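If you want the building blocks of each chain, they are given just below.
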Amino acid sequence: MTGQLSRVDVTVLPEGWLTKGTYPSEVSGSWSPALSPDGRHAAYVSDRSGSPKVWVQPVGSELTFLVDTGEEPVESVHWSTGGGWLACVLAPGGAPRTEVWLVRPDGSALHQVAGFGTDSAENVRWLPGRPLLAVTENLTTTLLIDAEHGTRAEICAGELVSLFDVSADRSRALLRQGPRGARYVAVRDLATGIDEYVTSGEQACFGPDGTVWARGDAGERPVLLHGTEVVASSPDAEVEAFALTADGTRVAVLWNVGGGRSELTVGDVSVELPGCVSGELPGWVSVELPGWVAAQPVWCADGSTLAFTAEGPGQPHGVYTWSLEHGVTPVSVDEVEDHPVLPTLRRFASHDGLEISGWLFEPATPGPHPTLLWFHGGPEAQERPGHGPMFQSLVERGIAVFAANVRGSSGFGRSFVNADNGALRYAAIADVAACVEHLVTTGVADPARVGCMGRSYGGYLTLAALTTYPEMFAVGIDVCGMSNFATFYEHTEPWIAAAAVSKYGDPVADAELLRDLSPITHIDRLRTPLLVVHGENDSNVPVIEAEQVVKALAERGVEHRYLLFPGEGHELLHRSSRAEYLRETVGWLTRHLGQHR
């Protein structure tokens, strides 16, 4: 199916149940902001043309310029500190494998510099004050690419290693090492190869004086560190990300608060006071965010302007800038949906007393309602109150949506994110039943009309729930979920498999555990109507994970449908694909949740 949707009226009438409604725009918006050295121009990725492309425009102007990077979708863009180059991360075929291409801001001199052949390049960062691009390939090889001379220099290599930064004299490298859930920051002496441990965490950079700034998560909640000193912390919020100016005088701190909302503070690091969420201490300023959830803070090279993205319910990702002089300025902002449903945060005790939570999107009419449980990917990700066209479409049709954060989700402390590792995954599956129980007992959900759905790990959790609790659900949708850990480990990218062992288990040593945790092992129990969705080029969760479920259901006569997207990978990057996905999933859910069992 081709074409694009804005808002389309449809009518579906399962057994007389009125489900007429509109589809909110499937647009993702604009993301990956990057600023020219003086902060006067912004580059970003937008899907306004139908697929993600690079755009450049003056800050404060609506004049936009499309930078031609070819036919492949773009994941991110990064502006060099000297201003002469844009580094663009492309995803050929929509797959997880990515390439890095350099192009001038005027669209000239496009050429590839990393991710050749079967290699995948990631963690792209321009080094301050230098035309050097830090890149990591396959989580094994770290590189410095000299944009002016066209050279590639290997910095170091190893298992599950990624490059953050290199000191000005090239004597030290700042690295991230380790598998998922156990990653740490270290400084490597490039002459001796000796590593100095800094902290557990996944973001770091050198300051202009050579000291290390890092987001450290060795404690229960991530904090901002300068060397060994805690610069910003909170007992009930997490430092999600930070951005340091090239001269090291100011730092922007993005906070994860209140179950998934964002706060953004900017600190004068010359003031020796701890940071705070409220930003009310001397030397710290709170940025008034234009959306519930912010991401990707980045400074321009001269430190005058900060760029970031913001989104919210019915509000696609938009790119904004902030400065002390001008405050928040919109750069690329798409139209906000009229009167979106605003979710409320629900917290409650799970089966073993552990508090779990989720965002409830509820129709205005009295309950109980037909209800969908949605599970995010990761699992070490978080469901947050951002832009969700499907949620808005379902609520408009009288279906409540509970976007759950079961154990293993991020944003709730180190113990919570590790509470589903290995054999603890059974407890995460049991959290699904606890969510249903909470929604039914509080009058939200009609127990005869509950469905579940998720993508990636959320697709796995959907399959696991449907095979563990076969009588609980009236409908299910598995979007690029794992169905068999053995085939997942066999067919996924090698670096993805290596990084996943700490989270799921070793495919050899834990083979029996993984076999029992695999939904395909218990597929005889699944009797719920199931829609299976997958991208044909997905090499993260390969398409065999969908195919074996579809084959098993066909052999057993279970109602199902298979929706395969050619030209897409682990994410649906083209708006035409997302429009079809939205129509098909909403149609499947309204048809099955509109019927009493």
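Keep in mind that what you see is a predicted model, and the values were worked out from it rather than measured.

Basis of the calculations
- Residues numbered from 1 in each chain as written.
- Predicted model: local features only at pLDDT ≥ 70, side-chain atom pairs only at ≥ 80, totals over all residues.
- Heavy atoms only, no water.
- Axes fitted to C-alpha atoms, helices over the stretch in contact; angles between N-to-C directions.
- Helix = DSSP H or I, 4+ residues; strand = E, 2+ residues; numbered from the N terminus.
- Parallel < 35°, antiparallel > 145°, perpendicular 65-115°, else oblique.
- Contact = heavy atoms within 4.5 Å.
- Nonpolar A, V, L, I, M, F, W, Y, C, P; charged D, E, K, R; others polar.
- Pairing = 2+ DSSP bridges.
- Buried < 20%, exposed > 50% of the residue type's maximum accessible area, 1.4 Å probe, protein only.

Draft legend 1. Structural view of the packing of helix α3 (residues 425–441) against helix α4 (residues 457–468). Two elements in contact, α3 and α4, have axes whose closest approach is 9 Å; the angle formed by their N-to-C orientations is 75°. Classified by the angle between their axes, α3 and α4 sit roughly perpendicular to one another. Of the residues in α4, those touching α3 at R425, A428, I429 and V432 are Y457, Y460, L461, A464, A465 and T468. Partitioned by chemical class, the residues of the contact of α3 with α4 number eight nonpolar, one polar and one charged.

Draft legend 2. Representation of the sheet that holds strand β28 (residues 327–332) within the structure. Read from one edge to the other, the open sheet built from four strands follows the order β25-β26-β27-β28, with strand pairing classed as antiparallel. If you trace the sheet from one side to the other, it starts and ends with β25 (293–299) and β28, each paired once. Taken over all neighbouring pairs, the strand axes of this sheet differ in orientation by 30° on average, direction set aside. Sheet topology places β25 next to strand β26 (residues 306–312); five bridges connect them, and they run antiparallel. Opposite W299, over in β26, you have L306 as the bridge partner.

Draft legend 3. Representation of unusual backbone geometry within the structure. Cis geometry is adopted by the peptide bond preceding P368, which originates at G367 and carries an omega value of 0°. In this fold, P368 is placed in the loop between β30 (355–361) and β31 (369–375). Residue P379 is bonded to the preceding G378 through a cis peptide linkage, with omega at 5°. Relative to the assigned elements, P379 resides in the loop between β31 and α1 (389–396). Positioned with a positive phi, L160 is a non-glycine residue whose angle comes to about 55°. By the element assignment, L160 lies in the loop between β12 (151–157) and β13 (161–166). Judged by its relative accessible area of 11%, L160 falls in the buried class. Non-glycine residue Q296 carries a positive phi angle of around 55°. Residue classification places Q296 among the partly exposed positions, given a relative accessible area of 37%.

All quantities given are derived from atomic positions and should not be read as evidence of function.
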